[in-house]
Amino acid sequence: MGVITGDMLVDCRLRDESFQRKTGYVQQQDLHLPTATVREALVFSALLRQPSSTPRKEKTDYVEEVIELLSMREYSDAVIGELGEGLNVEQRKRLTIGVELAAKPQLLLFLDEPTSGLDSQTSWSICNLMEKLVNNGQAILCTIHQPSAMLFQRFDRLLLLAKGGRTVYFGDIGKDSSKLIDYFVHNGADPCTEGTNPAEWMLGVIGAAPGAKTDIDWPQVWQESPEKQVIQEELDLLEQSGQDLEEPTATPEDDKESQREFAAPLARQISIVTKRVFQQYWRSPSYIYSKAFLSVGSVRKFLLCSERGADADHSTRLHSLVSAFSIWIGVCKA
Amino acid sequence: MKSQMFGVFALLTIFMQLVEQTVPQFVSQRALYEVRERPSKTYSWKAFMVAQIVVEIPWNTVS
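Residues numbered from 1 in each chain as written. Chains lettered and ligands numbered in written order. Predicted model: local features only at pLDDT ≥ 70, side-chain atom pairs only at ≥ 80, totals over all residues. Heavy atoms only, no water.

**Observations regarding the overall build of chain B**
Condition: In this text, helices come from DSSP runs of H or I with a minimum length of four residues, and strands from runs of E with a minimum of two, each type numbered from the N-terminal end. Throughout, the radius of gyration refers to the C-alpha atoms, and the reference size of a globule is 2.2 Å times the residue count to the power 0.38. For the charge count, each Lys or Arg is scored as positive and each Asp or Glu as negative, with His and the chain ends excluded. To locate a charge, take NZ of a lysine, CZ of an arginine, CG of an aspartate or CD of a glutamate.
A tally of regular secondary structure across chain B gives 2 helices and 0 strands. In terms of overall dimensions, chain B is more spread out than a globule: its C-alpha atoms have a radius of gyration of 16 Å, far above the 11 Å expected for 63 residues. On the principal axes, the C-alpha backbone points of chain B span a range of 55 × 20 × 15 Å. If you average the places of the 6 positive and of the 4 negative side-chain charges in chain B, the two averages end up 7 Å apart.

**Some words on the overall build of chain A**
The condition is simple: Burial status follows relative accessibility: with a 1.4 Å probe on protein chains alone, a residue under 20% of its type maximum counts as buried, one over 50% as exposed, and anything between as partly exposed. Note that accessible areas follow from Shrake-Rupley with a 1.4 Å probe, and for residues the cover is restricted to the protein chains shown.
The secondary structure content of chain A amounts to 14 helices and 7 strands. Within chain A, the fraction of its 334 residues that count as buried is 37%. Taken as a whole, chain A presents about 19,800 Å² of accessible surface, with 55% of it coming from carbon and sulfur.

**Side note on a nonpolar patch on the surface**
Inclusion rule: Like-charged residues within 9 Å of one another, or nonpolar side chains (Val, Leu, Ile, Met, Phe, Trp, Tyr) within 5 Å, are grouped into patches, provided each residue has over 30% relative accessible area and no salt bridge. Each salt bridge in this description consists of a side-chain nitrogen of Lys or Arg and a carboxyl oxygen of Asp or Glu lying within 4 Å of one another.
Together, Phe 15, Val 19, Val 23 and Val 27 of chain B line one region of the surface with nonpolar side chains, adding up to about 310 Å² of accessible area. Relative to the assigned elements, Val 27 of chain B resides in helix 1 (residues 2-37).

**Remarks on helix 4 (residues 89-102) of chain A**
The line we're drawing: Multiplying 1.5 Å by the helix residue count minus one yields the expected span of that helix. What makes two residues a contact is simply this: any of their non-hydrogen atoms within 4.5 Å. Residues adjacent in sequence count toward polar contacts only when both atoms are side-chain atoms; beyond that, a polar contact is any pair of N or O atoms within 3.5 Å, and within protein one must be able to donate a hydrogen and the other to accept it.
The terminal C-alpha atoms of helix 4 of chain A, which comprises 14 residues, lie 20 Å apart, in line with the 20 Å expected from a rise of 1.5 Å per residue. Counting buried residues in helix 4 of chain A gives 12 out of 14 residues, a clear majority hidden from the surface. Every buried residue of helix 4 of chain A is listed here: Gln 91, Arg 92, Lys 93, Arg 94, Leu 95, Thr 96, Ile 97, Gly 98, Val 99, Glu 100, Leu 101 and Ala 102 of chain A. Contacts from the buried residues of helix 4 of chain A go to strand 3 (23-26), helix 2 (38-49), helix 3 (56-69), strand 4 (108-112) and helix 5 (120-135) of chain A together with helix 1 of chain B. Put simply, Asn 88 of chain A is the residue that caps the front of helix 4 of chain A, since its side-chain oxygen is 3.2 Å from the backbone nitrogen of Glu 90 of chain A. Once helix 4 of chain A ends, the next one or two residues include Lys 104 of chain A, with phi positive near 55 degrees.

**Concerning the sheet that holds strand 3 of chain A**
Residues and elements named next belong to chain A. This is how it is decided: Two strands make a pair as long as DSSP finds a minimum of two bridges between them. In this analysis an axis means a line fitted to C-alpha atoms, helices contributing only their contacting stretch, and an angle means the value between N-to-C directions, from 0 to 180 degrees.
The parallel open sheet is built from 3 strands, whose spatial order is 3-4-5. Because the sheet does not close on itself, it has two edges, and the strands there are strand 3 and strand 5 (140-143). The average undirected angle you get between the axes of adjacent strands in this sheet is 15 degrees. Relative to strand 5, strand 4 is paired through 4 bridges, and the arrangement is parallel. When the bridges of strand 5 are listed, Asp 112 appears paired with Thr 143. Together, strand 4 and strand 5 form the strand contacts of helix 5, whose direction differs from that of strand 5 by roughly 155 degrees.

**Side note on the packing of helix 2 of chain A against helix 3 of chain A**
All names here are of chain A. Operational definition: An angle counts as roughly parallel when it lies under 35 degrees, as roughly antiparallel when it exceeds 145, as roughly perpendicular when it falls between 65 and 115, and as oblique in every other case. Rotating anticlockwise by less than a right angle from the far helix to the near helix defines a left-handed crossing, while the corresponding clockwise rotation defines a right-handed one. When residues are sorted by character, Ala, Val, Leu, Ile, Met, Phe, Trp, Tyr, Cys and Pro go into the nonpolar class, Asp, Glu, Lys and Arg into the charged class, and all the rest, Gly among them, into the polar class.
Helix 3 packs onto helix 2 with a crossing angle of 135 degrees between their chain directions and a minimal axis gap of 9 Å. One element, helix 2, and the other, helix 3, form an angle in the oblique class. The two elements helix 2 and helix 3 meet at a crossing, and its hand is right-handed. Side by side, helix 2 and helix 3 meet where Arg 39, Leu 42, Val 43, Ala 46 and Leu 47 of the first sit next to Arg 56, Lys 59, Thr 60, Val 63, Glu 64 and Ile 67 of the second. Class assignment of the residues belonging to the contact of helix 2 with helix 3 gives a composition of 6 nonpolar, 1 polar and 4 charged.

**As for the interface of chain A and chain B**
So the rule is basically this: Note on definitions: buried area is the accessible-area loss of two parts on being combined, 1.4 Å probe, summed for both.
Taken together, the 38 residues of chain A in the interface contact 37 residues of chain B. Between chain A and chain B, roughly 3,700 Å² of surface is buried when both sides are summed, and carbon and sulfur atoms account for 66% of that area. Ranking the residues of chain A by area buried against chain B places Tyr 281, Tyr 287 and Lys 291 of chain A at the top, with a combined share of 16%. Our count for the chain A to chain B interface comes out at 1 residue pair in polar contact (both at pLDDT 80 or more). At the level of secondary structure, the elements contributing two or more residues to the side of chain A that touches chain B comprise helix 1 (19-22), helix 2, helix 12 (266-283), helix 13 (286-308) and helix 14 (314-333) of chain A. Of the residues belonging to the side of chain A that touches chain B, the class tally is 21 nonpolar, 11 polar and 6 charged.

**As for the confidence of the model for chain B**
For clarity, the cut-off: The score called pLDDT rates the predictor's confidence residue by residue, from a low of 0 to a high of 100.
Put simply, chain B has an average pLDDT of 76, and 97% of its residues get 70 or more. Among the prediction metrics, the complex's ipTM stands at 0.72, with pTM recorded as 0.71.

**So, the nonpolar core**
The test is simple: Remark: nonpolar core denotes a set of buried residues (Ala, Val, Leu, Ile, Met, Phe, Trp, Tyr, Cys) joined through side-chain atoms within 4.5 Å.
Formed by 46 residues in total, the largest nonpolar core has its most connected members in Leu 42, Met 72, Leu 95, Ile 97 and Val 273 of chain A together with Tyr 43 of chain B. Secondary-structure elements contributing two or more residues to this core are helix 2, helix 3, helix 4, strand 4, helix 5, helix 12 and helix 13 of chain A together with helix 2 (45-62) of chain B. Once residues lying within four places of it in the same chain are set aside, the contact partners of Leu 95 of chain A are His 32, Val 38, Ala 41, Leu 42, Met 72, Ile 80 and Leu 87 of chain A. Among the nonpolar cores identified, the runner-up in size contains 19 residues, and Leu 158, Leu 180, Phe 184 and Val 205 of chain A belong to it.

Next up, the structure:
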């Protein structure tokens, strides 16, 4: 594996504690609390992850906005449910994205293979959704696996990495992947024939596809290419402009708040989380039912043995009480 | 004395059983917390633990 060194800059300043809170990370797996509804899941995320100075009303309004944006109005009050019942796979994916959006990530939304495991139509609609978000001013970084030609062309820029994290290409894809294809052909690759998926062709060219091999050291080619020069200059320029406006634009209070580990104060976290767990128990009643059974059963046993054993000694009674307890709890467990 | 000892023993058995009942619920919630909610700094583990304990109190008092 390769080792990569360098500085990680966010807005020309070194990455700080608040980075984790300022980015949304949409995981590949759709993990949700099965007992919550779509709206509850979003509100939960919004209340806890947006800055605590934002009034509650504003946060819940923002949740409504997110629901609208993700076109989830129809099932916004549906219970999420286990996989296979409740929401379907696409709705889950949308919700996963929505939960991150509800937190209002200031910097970046990071999606880890959002189209994996989805059929082509669903992937397409997820792409539509991402485009909508981009048009609303959200920066999106997305990893992708084996995209179809159609999906591939919907992305603006591509960072292609070879084994060991070495850059092979970083830049615009261009219309019909023209810029990307030009780059590779220009540097000695076989041209991409009509009807070939550029994403697969590109992997074949750099020898990453199974059975393909290449004599050209593509990462090396990239290092020496004029395209890299342009990007490097742009990066330098960005860094330069960052140093020029060294004064932090945020006020100190703002800054302090963003430095804290969690957005909401502990007391509010506790109250919100507790409320959710209560709700979860209430909606998965088998646990409460067994508890109720248990208590009814034991009381009955207890009454039985106290009637019968008016003359029995204390320890016998206690013993039967305990055995009653153990039996009932055993039953509940099963 | 003997029955006192027995009382303590009985209490302990019951307690063990309660723990065993609670754990499955707890584990599934902890999985969700560790994978999704802790990395994104949604809430702290203190809030998580308090909620888990508080929620058990009513049912266990009733029964």
